[in-house]
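# Coordinates in review
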Amino acid sequence: MRKLVTLDEFIIKTQSHLPYATGELSSLLRDIGLAAKVISWEVNKAGLVNILGAAGRENVQGEEQQKLDVMADNMLISCLNNSGECCGIASEENDEWVPIDTEWSKNAKYVVIFDPLDGSSNIDVNVSIGTIFAIYRKKDLSKPTNLEDFLQKGSEQVAAGYVIYGSSTMLVYSTGNGVNGFTLDPSIGEFCLSHRNIRVPEDGKIYSVNQGNAFSFGKEVKAYLEYCNENNYSLRYIGSMVADVHRTLIKGGIFFYPPTAKAPSGKLRLLYECNPMAFLVEQAGGKASDGKNRILEIQPEALHQRVPIFLGSKNMVEKVESFIQKDVSVTN
């Protein structure tokens, strides 16, 4: 019988491989895991209590907040506020970054950026949703936390991950030494190692995009869609980045959200969505690009900055890049 390895056990055993390994990052990851358990519980009973539907206000993105969005945001902030290892947070649901200034966090070394509940449009119809997070080391430990601590390139992430609330709840994360997945066992209330050293296949036959927007894509992306159809690729699109990227990580393929007429800079946020997912995909052997540049090398200029993204199997991302870069070379 295979021995169960819990998330806490795994984090403790592997922390010696981490730069700056003194236990703070490990503790922070466990706190995020705790918040994920509570959010999972609330998501699973959503239809039984009054937490479905709109919260009656919009976030900074101009998107209508759902009640579960607010609950997940508050839960993560609460756990991080009490952790003692986090000195500031930035969330998709908040206009500005929020300092954590408590007695036990005055020497904290990390900031955390998160999308508390990705895929909000799926909540009321019981389709998979998720949480995305990224952890950065504070740039200057001798100075108070400031905006520059959050506006770091994705390549500076010390850890990133997501939680998917689906037929089971899974937490997938990386600290820069591969990607591992943990499934929540409700009988013992623990995340247990279920997917060790996840690797993205170098190629695939699945593409994931909101093809309903194809009429407003650029001609180079339309040409790539034609290529997918000519090669009998299968379209799979859930409408939750966590769910679509999770499938891509496990089975291979490509997920993308290109520029559109309504969103010329793309729709997905660099800090909350693209950087964490790009970090995971690269750690699993895949590739993540805005079509021209590596996502993790883009210098953020604002907390809620948006970028186009193409990520997944290495060969598939390079193929779509060839369409985009060919078009650029012709234009130039």
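Let me sum up the structure you'll find in this document.

Here is what the cut-offs are and how they apply
- Residues numbered from 1 in each chain as written.
- Predicted model: local features only at pLDDT ≥ 70, side-chain atom pairs only at ≥ 80, totals over all residues.
- Heavy atoms only, no water.
- Helix = DSSP H or I, 4+ residues; strand = E, 2+ residues; numbered from the N terminus.
- Buried < 20%, exposed > 50% of the residue type's maximum accessible area, 1.4 Å probe, protein only.
- Lys, Arg positive; Asp, Glu negative; His and termini not counted.
- Salt bridge = Lys/Arg side-chain N within 4 Å of Asp/Glu carboxyl O.
- Contact = heavy atoms within 4.5 Å.
- Pairing = 2+ DSSP bridges.
- Axes fitted to C-alpha atoms, helices over the stretch in contact; angles between N-to-C directions.
- Parallel < 35°, antiparallel > 145°, perpendicular 65-115°, else oblique.
- Left-handed = near helix turned anticlockwise from the far one by under 90°.
- Nonpolar A, V, L, I, M, F, W, Y, C, P; charged D, E, K, R; others polar.
- Phe/Tyr/Trp six-rings, centres within 6.5 Å; stacked < 30°, edge-to-face > 60°.

### A word on the side chain of D118
- Mapped onto the fold, D118 is located in strand β5 (residues 110-118).
- An unpaired buried charge is present at D118: no salt bridge exists, and R269, the closest side chain of opposite charge, is 6.6 Å distant.
- If we ignore the near neighbours within four places in the chain, the residues touching D118 are I129, G130, I132, S240, M241, V242 and E273.

### Brief notes about the pairing of strand β8 (residues 169-174)
- Counting buried residues along β8, six of its six residues qualify, which places the element largely inside the surrounding structure.
- In β8, alternate side chains face the same way, and those of T169, L171 and Y173 on one face and M170, V172 and S174 on the other are all buried.
- Pairing of strand β7 (residues 157-165) with β8 involves six bridges; the strand directions are antiparallel. If you follow I164 over to β8, its bridge partner there is M170.
- Two successive antiparallel strands, β7 and β8, enclose a turn made up of three residues.
- Of the pairings in the sheet, the one linking β8 to strand β9 (residues 180-185) comprises four bridges and is antiparallel in character. Residue pairing for β9: V172 is matched across the bridge by G181.
- Between β8 and β9, which pair antiparallel and follow one another directly, the connecting turn spans five residues, one of which, G176, has a positive phi of 95°.

### Topic: the packing of helix α1 (residues 7-14) against helix α2 (residues 24-44)
- It is the contact of α1 with α2, at a shortest axis distance of 10 Å, that shows an interaxial angle of 165°. If you check the angle between α1 and α2, you find them roughly antiparallel. Read as a crossing pair, α1 and α2 show a hand that is right-handed. Note on element contacts: α2 touches α1 through S26, L29, R30 and G33, opposite L7, D8, I11 and I12.
- Residue composition of the contact of α1 with α2, grouped by class: four nonpolar, two polar and two charged.

### Some words on the packing of aromatic side chains
- Scanning the model with the defined rule gives nine aromatic pairs in all.
- Between F10 and F182 the ring centres are 5.1 Å apart and the planes differ by 70°, which places this aromatic pair in the edge-to-face class. Residue F10 is located in helix α1, and its partner F182 is located in strand β9; the two are separated by 172 residues in the primary sequence.
- Given a relative accessible area of 0%, F182 falls into the buried group.
- Aromatic side chains Y227 and Y233 sit 6.0 Å apart centroid to centroid with 90° between the ring planes, which places their arrangement in the edge-to-face category.
- Look at Y233 and you get buried, because its relative accessible area is 13%.
- Here the aromatic residues Y224, Y227, Y233, F256, F310 and F323 are joined through ring pairs into a cluster of three or more.

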